[in-house]
Amino acid sequence: MKLLILTPIFAVIIFASVNANQPNQEIVKTTNDNLVANITNVKKEKKKKPVWLKPGVIGTTLVIDGEPFVISRNQDRKHLIAKIYQKTGRGIIKPMHPFKPHAVETIAEHEMISYISRLSSKKGDVVVVDARKSIWPTLTGSLPGATHVPFYRFKKDKQYALETLEDEFGVVINNKGEMDFSNAKTLAIYCNGNWCKMSPELIWSLLDYNYPAHKIKYYRGGMQAWQLLGLTTVD
Amino acid sequence: MLRKFFYKFSFFILLVGASLQIIAQDETPAKEVLIQKDFKSINVIHRSVPVDIERNQDRENNIMKFYQGTWRGKIQPLHPFKPHPVETVAELEMIGYIDKMSHGDDSIMIVDSRPKSAILITGMIPGATRVEYIDIVSSHYRMKTFELFNIKKNNSQWDFTDAKTLVIYCNGLWCGKSPRMIRKLLKLGYPAEKIKYYRGGMQAWKSVGLTTVKE
């Protein structure tokens, strides 16, 4: 009897989904047309000006995990920012320096690129940290060479926090549980953008562990600004 | 035959109708889009007309097409004017300056350094005044502009003691218009502490859905 009552609801759902699917097919068709158009445009625009990183610089070559890697901007002048970052109604706006009076420095793209290039240096004194929840990197990709430390796990799971501090960030913890930050690495932390609370939360909990504030860098623009400029991401 | 069919399944037909109605009504009230916690909007004055600065309350709203492209300009550093101590500000500081200005503080001025054509497309930040690069470079326009900035001429030298605090913005972090203007101002001797650079610009302002006005 229950099944009998449920059947019309299923029918409605199927009907609705079929209806909803129909316009999608049209969209797929149009995007295919666009793709073809784009390819032809690229052929025509080959001689156009490049998209600049800095005046006179198109891309920088880095070494990540022993392999050369080029960070540059997307050279396609028709390229748009990912749909996920076109939304305007997310989060609350963060100030320029959210951690005053702590000396956490706010950085931008050029500094971030130089930190990424320092990742492969012999000193190994830099970690680029992705503070977002674990679904975000699969949706948007992450910065080249980034280490993934979800903020909520670091905050709630003390065991995990101590392990990451010791293994990833170079903090020495002795038997009594005292921490020695003299060899702690410089952390360049980012999340989704200037409205995103994930990296500020991670930075606050790092400050709670007495992590030296001058060794924490906050990339406020985040993934949104990175993709807004068409810079290279990795999956 | 048909009548029998209807009698048999009238219950289901009713049910389908009811469930359709439920689907139509099932719209949860959307959460408000806030600037800060417990801070939804602020009343400021643009050209002596009151304007509310708030974020677009539609959660499905996208940034305008003009700012979706990724190829424009060159990336500006966070502090392009080192060693001059020009402060780089963000949206909240900008709102603070607009608030102070519209509550009678004459020593602050919001400067839009873009040409008229760009402002026609995107609008401008409430309270801003349009001053282009040419208004500072050419000596013909400079008199007028510096009068706006509250700078006096003393014995053929500019006197910057009462100069206004300028908050300068342009299209975004790839846009070179406001850095070029600030460099020129610094060359002319404008005190660097009185210049603020809003690096995010119109793009960052729009990407969080904040209010814009026509010139």
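All values derive from a computational prediction rather than experimental measurement.

Could you give an account of the overall build of chain B, with specific residues and numbers?
Helix and strand counts for chain B come out as seven helices and nine strands. In chain B, which comprises 215 residues, the proportion classed as buried is 47%. Pairs at least 24 apart in sequence give 68% of the contacts found in chain B among residues at least 6 apart. As displayed, chain B offers around 11700 Å² of accessible surface, 55% of which is attributable to carbon and sulfur atoms.

Describe the nonpolar core, with residues and values.
Counting 90 residues, the largest nonpolar core has A:Phe169, A:Leu206, A:Tyr211, A:Trp226, B:Ile110 and B:Trp205 as the members making the most contacts within it. Ranked by residues supplied to this core, first place goes to helix α2 (residues 91-102) of chain B with six residues. Of the domains in this structure, domain 1 (2-72) and domain 2 (83-228) of chain A are the two that each give at least three residues to this core. With residues near it in sequence (within four places) discarded, A:Tyr211 still touches A:Leu165, A:Phe169, A:Val171, A:Phe181, A:Ala184, A:Lys185, A:Leu187, A:Leu206 and A:Ile216. Grouped together as the second largest cluster of nonpolar side chains are 21 residues, B:Phe81, B:Val86, B:Ile136 and B:Tyr197 included.

Got a sec to walk through unusual backbone geometry? Specific residues and values, please.
A:Pro101 follows A:Lys100 through a cis peptide bond whose omega is 5°. Tracing the backbone through its elements, the reader meets A:Pro101 in the loop between β2 (67-72) and β3 (105-107). For the bond running from B:Lys82 to B:Pro83, omega is 5°, close enough to zero to count as cis. For B:Ser156, which is not glycine, the phi dihedral falls at a positive 60°. Its location among the elements puts B:Ser156 in the loop between β6 (152-154) and β7 (157-159).

Could you give an account of the side chain of A:Glu109, with specific residues and numbers?
Here A:Glu109 shows up in helix α2 (residues 109-118). Taking the relative accessible area as the measure of exposure, A:Glu109 reaches 1% and is therefore buried. Of the polar contacts made by the side chain of A:Glu109, one reaches the side chain of B:Arg199; its length is 2.6 Å.

What counts and what doesn't
- Positions within a chain are numbered from 1, following the residues in the order the chain's sequence is written.
- To label them, take the chains in the order written and letter them from A, then take the ligands in the order written and number them from 1.
- Reporting of local features is limited, given that this is a predicted model, to residues whose pLDDT is at least 70; pairs of side-chain atoms are given and counted only at 80 or more, and all residues count toward the totals for whole chains, interfaces and linings.
- The side-chain values count all of the structure's non-hydrogen atoms but skip hydrogen atoms and water molecules.
- Note on conventions: DSSP H or I runs of at least 4 residues are helices, E runs of at least 2 residues are strands, and numbering of each starts at the N terminus.
- Relative accessibility thresholds used throughout: buried, under 20% of the residue-type maximum; exposed, over 50%; partly exposed, between the two (1.4 Å probe, protein chains only).
- In what follows, a contact means two residues having at least one pair of non-hydrogen atoms within 4.5 Å.
- Accessible surface is estimated by sampling points in the Shrake-Rupley manner with a 1.4 Å probe; for residues, cover comes only from the protein chains shown.
- Residues belong to one nonpolar core when they are buried, are Ala, Val, Leu, Ile, Met, Phe, Trp, Tyr or Cys, and are joined through side-chain atoms within 4.5 Å.
- Domain extents, as shown, originate in an automatic or database domain assignment.
- Contacts described as polar in this section are N or O atom pairs within 3.5 Å, which, within protein, must combine one atom able to donate a hydrogen with one able to accept it, while residues neighboring in sequence count only if both atoms come from side chains.

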